[in-house]
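Spelled out from the first residue to the last, the chains are:
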2 protein chains.
Amino acid sequence: MLSKTCEYGIRATIFIALQSMLGMRTSLKYIAEEIDSPEAFTAKILQKLVRVKIIESSKGMNGGFNMSMDRIKSTTLSEIVYAIDGLDISNRCVLGLSQCSSINPCSVHHKFKPVREDLIALLTKTTVEEMAIGIKEKLAILR
Amino acid sequence: MLSKTCEYGIRATIFIALQSMLGMRTSLKYIAEEIDSPEAFTAKILQKLVRVKIIESSKGMNGGFNMSMDRIKSTTLSEIVYAIDGLDISNRCVLGLSQCSSINPCSVHHKFKPVREDLIALLTKTTVEEMAIGIKEKLAILR
DNA sequence: TTATATTCGGACTCATATGTCCTATTTTTC
DNA sequence: GAAAAATAGGACATATGAGTCCGAATATAA
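Now for a description of the structure that goes with this document. (Residues numbered from 1 in each chain as written. Chains lettered and ligands numbered in written order. Predicted model: local features only at pLDDT ≥ 70, side-chain atom pairs only at ≥ 80, totals over all residues. Heavy atoms only, no water.)

A word on the interface of chain B and chain A
Then, in step 1: With 37 residues of chain B at the contact, the number on the chain A side is 37 residues.
Then, in step 2: Both sides together, the interface formed by chain B and chain A hides about 3000 Å², and carbon and sulfur atoms give 67% of it.
Then, in step 3: In this structure, the connection of chain B to chain A is made through 4 salt bridges.
Then, in step 4: Note that E130(B) and K111(A) form a salt bridge whose closest N and O atoms lie 3.0 Å from each other.
Then, in step 5: Within the residue set of the side of chain B that touches chain A, elements represented by two or more residues are α1 (4-21), α7 (109-125) and α8 (128-136) of chain B.
Then, in step 6: With 7 residues, the top contributor of residues to the side of chain B that touches chain A is α7(B). (Contact = heavy atoms within 4.5 Å. Buried area = accessible area lost by both parts, 1.4 Å probe. Salt bridge = Lys/Arg side-chain N within 4 Å of Asp/Glu carboxyl O. Helix = DSSP H or I, 4+ residues; strand = E, 2+ residues; numbered from the N terminus.)

Observations concerning the pattern of salt bridges
Residues and elements named next belong to chain A.
Then, in step 1: Across all of its chains, the model carries 9 salt bridges over all chains by this definition.
Then, in step 2: Where K113 meets E117, a salt bridge forms, and the shortest distance between an N and an O atom there is 4.0 Å. You can see K113 and its partner E117 sitting in helix α7 (residues 109-125), 4 residues apart, about one turn around the helix.
Then, in step 3: K113 sits in the partly exposed class, given a relative accessible area of 39%. (Buried < 20%, exposed > 50% of the residue type's maximum accessible area, 1.4 Å probe, protein only.)

Brief notes about the packing of aromatic side chains
Residue and element names in this part refer to chain A.
Then, in step 1: Under the defined criterion, the tally for this structure stands at 4 aromatic pairs over all chains.
Then, in step 2: Aromatic pair F15 and Y30: ring centres 5.3 Å apart, planes at 75 degrees, arrangement edge-to-face. Residue F15 is found in helix α1 (residues 4-21), and its partner Y30 is found in helix α2 (residues 28-35); the two are separated by 15 residues along the sequence.
Then, in step 3: Among the residues examined, F15 registers a relative accessible area of 6% and is labelled buried.
Then, in step 4: The exposure class assigned to Y30 is partly exposed, which follows from its relative accessible area of 35%. (Phe/Tyr/Trp six-rings, centres within 6.5 Å; stacked < 30°, edge-to-face > 60°.)

Structural notes on unusual backbone geometry
Residue and element names in this part refer to chain B.
Then, in step 1: Non-glycine residue D36 carries a positive phi angle of around 55 degrees.
Then, in step 2: Here the phi dihedral of N62 falls at roughly 65 degrees; this positive angle occurs in a residue that is not glycine.
Then, in step 3: On the basis of relative accessible area, N62 is assigned to the exposed category, the value being 70%.

Things to note about the protein's contact with DNA strand C
Then, in step 1: L28(A), K44(A), S57(A), T5(B) and P38(B) are the nearest of the 24 residues found near DNA strand C.
Then, in step 2: Of what DNA strand C places within 4 Å of the protein, 69% of the atoms are sugar or phosphate.
Then, in step 3: Here K44(A) contributes a side-chain N or O atom positioned 2.4 Å from a base oxygen of DNA strand C.
Then, in step 4: One nitrogen or oxygen atom from the main chain of M61(B) is found 3.3 Å from a base oxygen belonging to DNA strand C.
Then, in step 5: Residue composition of the surface near DNA strand C, by class: 8 nonpolar, 10 polar and 6 charged. (Near = heavy atom within 4 Å. Polar contact = N/O pair within 3.5 Å; in protein donor to acceptor, adjacent residues only side chain to side chain. Nonpolar A, V, L, I, M, F, W, Y, C, P; charged D, E, K, R; others polar.)

Some points on the relation of the copies chain B and chain A
Then, in step 1: Note on the copies: chain B fits chain A at an RMSD of 0.0 Å, the axial shift is 0.0 Å, and the rotation between them is 180 degrees. Here the symmetry operator amounts to a two-fold rotation axis. Among all residues of chain B, the minimum C-alpha distance to the rotation axis is found for M1(B), at 2.4 Å.
Then, in step 2: Looking at the interface residues of chain B, 100% of them are also at the interface in chain A, so both copies use one shared face. (Least-squares fit on C-alpha atoms with pLDDT ≥ 70 in both.)

Some points on the protein's contact with DNA strand D
Then, in step 1: Taken together, 24 residues are adjacent to DNA strand D, and T5(A), Y8(A), L28(B), K44(B) and S57(B) come closest.
Then, in step 2: Within 4 Å of the protein, atoms of DNA strand D come from sugar and phosphate in 69% of cases.
Then, in step 3: Y8(A) has a polar side-chain atom sitting 3.3 Å from a phosphate oxygen of DNA strand D.
Then, in step 4: A distance of 3.1 Å separates a base nitrogen of DNA strand D from a polar side-chain atom of Q47(B).

Quick word on the nonpolar core
For soluble globular proteins, the rule of thumb is that nonpolar side chains tend to be buried together.
Then, in step 1: Ranked by internal contacts, the top residues of the largest apolar core, which has 91 residues, are I10(A), L46(A), L95(A), I10(B), L46(B) and L95(B).
Then, in step 2: Excluding its chain neighbours within four sequence positions, the residues that come into contact with I10(A) are L2(A), L77(A), I80(A), V81(A), M131(A) and L95(B). (Core = buried A, V, L, I, M, F, W, Y, C linked by side-chain atoms within 4.5 Å.)

Thoughts on the packing of helix α3 (residues 39-51) of chain B against helix α5 (residues 77-85) of chain B
Residue and element names in this part refer to chain B.
Then, in step 1: Where α3 contacts α5, the two axes come as close as 10 Å, and the packing angle between them is 115 degrees. In terms of their interaxial angle, α3 and α5 are classed as roughly perpendicular. α3 and α5 meet at a crossing whose hand is right-handed. Listed contacts from α5 to I45, K48 and L49 of α3 are I80, A83 and I84.
Then, in step 2: In terms of residue class, the contact of α3 with α5 is built from 5 nonpolar, no polar and 1 charged. (Axes fitted to C-alpha atoms, helices over the stretch in contact; angles between N-to-C directions. Parallel < 35°, antiparallel > 145°, perpendicular 65-115°, else oblique. Left-handed = near helix turned anticlockwise from the far one by under 90°.)

Structure, rendered in structure tokens:
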């Protein structure tokens, strides 16, 4: 469904949001520990999320990653997924046909359409804030 | 969503079913041409589908692949997907957490559950026959 | 200003998915 | 029985995803 890179990216973002909600900046090392991900690899993913401005970073002592309350509220799961995995999850034909479309459908196109629409709705409507709150209230896990 | 291997496998199965419905056995070469897939790679995939008895093969002149009417009617998309890609599509946590479950959910587990259930329902309810008929009646494409 | 703690970014390694090639085996036809 | 046409299967090759390493840049604190 999602690449591992994307899974790590989402988990890291949720954790950064959580810490930011407590007014804290978080170091890569701590993030990797808390979400149980390889540190150096996570660094690469966070770089990408910084470039698309989903999260912010600062170098040097007491540096680390953080997220503005604005971003926490406005950023959706879809933005993270698209930034890391691209648009395939929304666009790619289930059978891999490049020409597949509503007027030129593959054998499962119409059946699959509502499922895909629900998936896209889920991605575009779920905010980072929502996901972070689940963790904060200990209703959900992050590792 | 699905691996390319799986996409080729499904398309090949649909085409073999179509030909079988016309009483014909189909060669690898023809299959690969018709579904626009790499021939040698498709051979590997078909081997796997033969082993799990979704399709049948026969060697020698006039050999090739075919599918019994029984199989065409009873085989579902899920069987092909599970045979090639395994159970990840039904089981893997969206955020990649090995411990994620209903009682120990990740941040999107509950939201994602109905979408996943719809997806699984689609896979387990769509038969090869259905998919083949779409092609036969020229309501759907295969390449 | 120097030591230290941090991110940045390029080059590299490793694993897995994707794809190819060649020979063996089987079956049919002549 | 020999030739031809097909699948089977192992070994190999290539591309992509996943992950590591290390030096450079930057910021803070003593």
